[in-house]
Amino acid sequence: MTITIYHNPDCGTSRNTLAMIRQSGTEPEIILYVENPPSREHLITMIYAAGLTIRQAIRIKDTPYDQLGLANAALTDGQLLDAMLVHPILINRPFVVTDKGVRLCRPSELVLDILTNPDIGPFTKEDGEVIIDAKGKRVR
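Residues numbered from 1 in each chain as written. Predicted model: local features only at pLDDT ≥ 70, side-chain atom pairs only at ≥ 80, totals over all residues. Heavy atoms only, no water.

Engineer: Explain the sheet that holds strand β4 (residues 101-104) to me, and be specific about the residues and the numbers.
Structural biologist: The strand order across the open sheet formed by four strands is β2-β1-β3-β4, and the pairing between neighbours is mixed. In this open sheet, the two edge strands, each paired with only one partner strand, are β2 (29-32) and β4. Recorded for the sheet is a direction-independent mean angle of 15° between the axes of neighbouring strands. Where strand β1 (residues 4-7) lies against β2, four bridges are found, and the strand directions are parallel. The partner of Y6 across the bridge, within β2, is I31. Lying over the sheet, helix α1 (residues 12-23) contacts β1, β2 and β3 (95-98), oriented at roughly 160° with respect to β1. Contacts from helix α2 (residues 40-49) reach β1, β3 and β4 within the one sheet, and its direction differs from that of β3 by about 85°. (Pairing = 2+ DSSP bridges. Helix = DSSP H or I, 4+ residues; strand = E, 2+ residues; numbered from the N terminus. Axes fitted to C-alpha atoms, helices over the stretch in contact; angles between N-to-C directions. Contact = heavy atoms within 4.5 Å.)

Right under this line is the structure:
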């Protein structure tokens, strides 16, 4: 299985998602999307494949969202996409693409739904939240 993660190493959710992928036994293709954003077409494809709207795929926290006036409901999807491509930090993360589907992995454990091997053993997030207990059962 090929796995691609649109990753931001400064993001705990993204780091946790990457750790779960690796714990599943697969080394993913890692795209540092802030430095290397996807094309407009690929971004649209990922967003819709994940079952999201363009607006749902925008990150608000720690971005120029407010300064750019992106809360304005009159903005079109095209205008929102333009902003995301000019300021890739606005692309919510991490998006993960596998043969089983695409997810915006917020929370990070959503990645388990699209892994070939979701039985990754015990897993605790960086913040101490247990996702999979010592018996291999998902807590959430």
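Engineer: Please give an account of the pattern of salt bridges that cites residues and values.
Structural biologist: This structure, assessed with the given rule, holds six salt bridges. A salt bridge links E27 to R22; its shortest N-O distance comes to 2.9 Å. Given a relative accessible area of 41%, R22 falls into the partly exposed group. The salt bridge involving D82 is made with R40; its shortest N-O contact spans 2.5 Å. Of this pair, D82 sits in helix α3 (residues 77-86) while R40 sits in helix α2, and the two are 42 residues apart along the sequence. One network of salt bridges, in which partners are shared, links E109, K125 and E129. (Salt bridge = Lys/Arg side-chain N within 4 Å of Asp/Glu carboxyl O. Buried < 20%, exposed > 50% of the residue type's maximum accessible area, 1.4 Å probe, protein only.)

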